[in-house]
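In case you want the letters, here they are:
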Amino acid sequence: MDATPLPDRPCLPHHTALILQGGGALGAYQGGVFQAMDEAGIAPNWLCGVSIGAINSAIIAGNAPKDRLPRLRAFWELITPERPSLPFIDGDLPRRFENEAAAMSALALGQPGFFKPNLPGPFFSLPGSKQATAFYDTGDLRASLLRFIDFDRLNSGETRCAVGAVNVETGNFAYFDNDSMTLGPEHIMASGALPPGFPMVEIGMEYFWDGALISNTPLMHLLLNIESCSALVFQVDLFSARGPIPRTLRDVGLRQKEIGYSSRTRLVTDFFKREFALKNHLRSLLDRMPEERLTPEDQAERLRLRNLPRLSVLELIYEHAVYEGESRDYEFSRRSMLDHWNRGYRQTQQTLGQKDWLLIPAEAGIVSHDINRDRS
């Protein structure tokens, strides 16, 4: 069943998915993406996130539609308090210095509502103690999650939400999905427990770290569970797989982080495009075969292939400014938060202006669009 059409917009499919990559302080970009969607009347009913993307996903899914944007913005304003800064001087070098100073402050002092130094620190703690395996304590994050998320609503089934983490002992990737389990603060915290900064999170008899250690992009979870549904998918990446050749050692660190955390979103998308193309071809061959030559297994496969998903994926990829360095994912200044948020907002508005991109393909498979790539 399709949703009611929006003014001057194509009729949206039953599923609207928001897929949020991890990236620390860059997660404010995702807030801007959601604001543009919210203002356009596009409400996601399926969210998947990793790390900061898991926190943003849980805040969105864990609130009534009218409260989602205010609660999300309030969380980001809490963890990026306004602090005295140097007089404004225009230019890349002064801005780089300002950003690096904010990043060093986060490393030394932590961020309110998020994390604080884990005293006396891992180097001065006994093996096996809570302080021995991480530089920061995330108890403040737990309090913030309880403050900004209604966990009864999150688990009500109104909006599907899944967050990715890694089992510390087995090294296996795991998704905590409210479609099959009850989510609590510990599941969200586990998805963002990036070592050695943040401590592993105990859930039941197991321990978990940040899902970005294996895959920073939860698109695969959606594609493996979409079944025969059609969906409009907003894929929001905070690290770009594409980038320039490094020219300095600073550029090397920046590019290394981008490659490591981009998780090759387009590679995943292209793989499923090819898979759906092959399945469509197989279905066409089975349709042309005489009925008497089809085995019961062939008939069952033909029926299954007639119900493949149809997806339109809108790729929104954060592209760093020239003054941003390797520390941009832990640089939590209010100024940078607003820059990231506004950039996500503007880029999503431009994307939503391409009305044809909101249309679901007529045949089973995936079509993808990127405002920066397609415009160029």
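Read on for a plain summary of the structure. Computed from a prediction, not measured in an experiment: that's the story for all the values here.

Procedures and definitions
Residue numbers run consecutively from 1 along every chain, following the written order of its sequence. Since the coordinates come from a predicted model, pLDDT governs what is reported: local features require at least 70, and pairs of side-chain atoms require 80 or more to be given and counted, while whole-chain, interface and lining totals use all residues. For the side-chain quantities, the full set of heavy atoms in the structure was used; hydrogens and water were omitted. Counting from the N terminus, the helices are DSSP H or I runs at least four residues long and the strands are E runs at least two residues long. To sort residues, take the accessible area from a 1.4 Å probe on protein chains only and compare it with the maximum for the residue type: under 20% means buried, over 50% means exposed, and anything in between is partly exposed. In what follows, a contact means two residues having at least one pair of non-hydrogen atoms within 4.5 Å. What makes a patch is a set of residues exposed beyond 30% relative accessible area and free of salt bridges, joined within 9 Å when like-charged and within 5 Å when nonpolar (Val, Leu, Ile, Met, Phe, Trp, Tyr). What sets the accessible areas is the Shrake-Rupley method with a 1.4 Å probe; for residues, cover comes only from the shown protein chains. What makes a salt bridge here is a side-chain nitrogen of Lys or Arg within 4 Å of a carboxyl oxygen of Asp or Glu, nothing more. Only buried Ala, Val, Leu, Ile, Met, Phe, Trp, Tyr and Cys residues count toward a nonpolar core, and they belong to the same one when joined by side-chain atoms within 4.5 Å. A helix is expected to span 1.5 Å for every residue after the first. An arc is given here, and it is the one of the directions from the helix axis to the C-beta atoms. Site definitions follow a grid-based scheme: protein atoms alone, a 1 Å grid, a 1.4 Å probe that fits but cannot get out for cavities, and for pockets an open set with protein on both sides within 12 Å along at least five of seven lines, plus lining residues having an atom within 4 Å of a point. Grid points are joined across faces, edges and corners, and a volume is the space filled by probe spheres set on the points. Under the convention adopted here, Pro, Cys and the residues Ala, Val, Leu, Ile, Met, Phe, Trp and Tyr are nonpolar, Asp, Glu, Lys and Arg are charged, and Gly plus all remaining residues are polar. Interaxial angle, 0 to 180 degrees, is taken between N-to-C directions of lines fitted to C-alpha atoms, where a helix line uses only the stretch in contact. An angle below 35 degrees is treated as roughly parallel, one above 145 as roughly antiparallel, one from 65 to 115 as roughly perpendicular, and anything else as oblique. What makes a crossing left-handed is the near helix being turned counterclockwise from the far one by less than a right angle; a clockwise turn instead makes it right-handed. Two strands pair if DSSP finds at least two bridges between them. Working definition: a ring pair exists when centres of Phe, Tyr or Trp rings (six-membered ring for Trp) sit within 6.5 Å. Plane angles under 30 degrees give stacked, over 60 give edge-to-face, the rest tilted. Note on geometry: a ring has a charge over it if NZ (lysine) or CZ (arginine) is within 6 Å of the ring centre and within 35 degrees of the ring normal.

1. Topic: the side chain of Asn56
Reasoning step 1: Tracing the backbone shows Asn56 in helix α2 (residues 52-61).
Reasoning step 2: Since its relative accessible area comes to 1%, Asn56 is described here as buried.
Reasoning step 3: Not counting residues within four places of it along the chain, the set of residues in contact with Asn56 comprises Leu20, Gly27, Gln30, Leu72 and Trp76.

2. Some remarks on a nonpolar patch on the surface
Reasoning step 1: Residues Phe123, Phe124 and Phe135 make up a contiguous nonpolar surface patch of roughly 410 Å² in combined accessible area.
Reasoning step 2: A residue is classified by how much of its surface remains accessible, and Phe123, at 68% relative accessible area, is exposed.

3. Here we look at the environment of Leu145
Reasoning step 1: For Leu145, the position within the fold is in helix α5 (residues 139-148).
Reasoning step 2: Overall, the relative accessible area of 2% leaves Leu145 in the buried class.
Reasoning step 3: Here the alpha-carbon distance between Leu145 and Ile188, two residues 43 residues apart in the chain, equals 8.4 Å.
Reasoning step 4: Once you skip the residues sitting within four places of it in the chain, Leu145 turns out to touch Ile55, Phe151, Pro185, Ile188 and Met189.

4. Observations concerning the nonpolar core
Reasoning step 1: In terms of nonpolar packing, the biggest core is built from 62 residues, with Leu18, Ile55, Trp76, Phe114 and Phe234 touching the most fellow members.
Reasoning step 2: Take this core: its biggest share by element is seven residues, from α2.
Reasoning step 3: Residues within four places of Ile55 in sequence aside, it is in contact with Phe75, Phe114, Leu141, Leu145 and Ile188.
Reasoning step 4: With 22 residues, the next largest nonpolar core counts Cys48, Leu222, Ile226 and Leu311 among its residues.

5. Topic: helix α3 (residues 65-79)
Reasoning step 1: For α3, which comprises 15 residues, the first-to-last C-alpha distance of 22 Å matches the rise-based estimate of 21 Å (1.5 Å per residue) to within 8%.
Reasoning step 2: Here α3 has its buried residues at Arg68, Leu69, Leu72, Phe75, Trp76 and Ile79. When α3 is viewed along its axis, its buried side chains cluster within an angular range of 130 degrees and face the same direction.

6. Let's talk about empty space enclosed by the protein
Reasoning step 1: Summed over the entire model, instances satisfying the criterion amount to one cavity of 30 Å³ or more.
Reasoning step 2: Here the largest cavity defines a volume of roughly 30 Å³.
Reasoning step 3: Lining the largest cavity are Thr138, Leu141, Met189, Gly192, Ala193, Phe198, Pro199 and Val201.
Reasoning step 4: A per-class count over the lining of the largest cavity returns six nonpolar, two polar and no charged.

7. Some points on the layout of surface pockets
Reasoning step 1: By volume, the largest pocket amounts to about 560 Å³.
Reasoning step 2: Contributing to the lining of the largest pocket are 27 residues, with Gly24, Leu194, Phe198, Asp329 and Tyr330 lying nearest its centre.
Reasoning step 3: Elements with a minimum of two residues in the lining of the largest pocket: α2, α4 (92-109) and α9 (249-262).
Reasoning step 4: Here the lining of the largest pocket is built from residues that sort into 17 nonpolar, seven polar and three charged.
Reasoning step 5: Considered as a void within the structure, the second largest pocket measures approximately 470 Å³ in volume.
Reasoning step 6: Lys130, Pro199, Met200, Val201 and Glu202 are, among the 17 residues lining the second largest pocket, the residues nearest its centre.

8. Some remarks on the packing of helix α1 (residues 28-39) against α3
Reasoning step 1: Running from N to C, α1 and α3 cross one another at 155 degrees; their axes reach a closest spacing of 11 Å. The angle between α1 and α3 falls in the class roughly antiparallel. You can see that α1 and α3 cross each other, and the crossing is left-handed. Here Ala28, Gly31, Phe34, Gln35 and Asp38 of α1 lie close against α3, whose contacting residues are Pro65, Arg68, Leu69, Leu72, Arg73 and Trp76.

9. Focus on the pairing of strand β9 (residues 230-237)
Reasoning step 1: Most of β9 sits out of view: eight of its eight residues are buried.
Reasoning step 2: Across six bridges, the pairing between strand β1 (residues 15-20) and β9 is parallel. Looking at β9, one finds that Thr16 is bridged to Leu232.
Reasoning step 3: When β9 meets strand β10 (residues 310-317), the two strands line up parallel, connected through eight bridges. Within β10, the position partnered with Val233 by the bridge is Val313.

10. Some remarks on unusual backbone geometry
Most peptide bonds are trans, and most residues other than glycine sit at a negative phi.
Reasoning step 1: Each neighbour pair has its own omega, and for Leu119 with Pro120 the value is 5 degrees, a cis peptide bond.
Reasoning step 2: The residue Pro120 is located in the loop between β3 (116-117) and β4 (136-137) in this model.
Reasoning step 3: Pro195 connects to Pro196 through a cis peptide bond whose omega is -5 degrees.
Reasoning step 4: Turning to its location among the elements, Pro196 is positioned in the loop between α7 (185-191) and β7 (201-203).
Reasoning step 5: The phi dihedral of Ser51 is positive, around 60 degrees, even though this residue is not glycine.

11. Remarks on the packing of aromatic side chains
Reasoning step 1: With the rule as written, the count across this model stands at 16 aromatic pairs.
Reasoning step 2: For the pair Phe176 and Phe208, a centre-to-centre distance of 5.1 Å together with 80 degrees between the ring planes defines the contact as edge-to-face. Separated by 32 residues along the polypeptide, Phe176 in strand β6 (residues 173-177) and Phe208 in strand β8 (residues 206-210) bring together distant segments of the chain.
Reasoning step 3: Of the residues examined, Phe176 reaches a relative accessible area of 6% and is grouped as buried.
Reasoning step 4: Taking NZ or CZ as reference, Arg73 lies 4.7 Å from the ring centre of Trp341, over its face.

Purely spatial values, then, with no claim about function.
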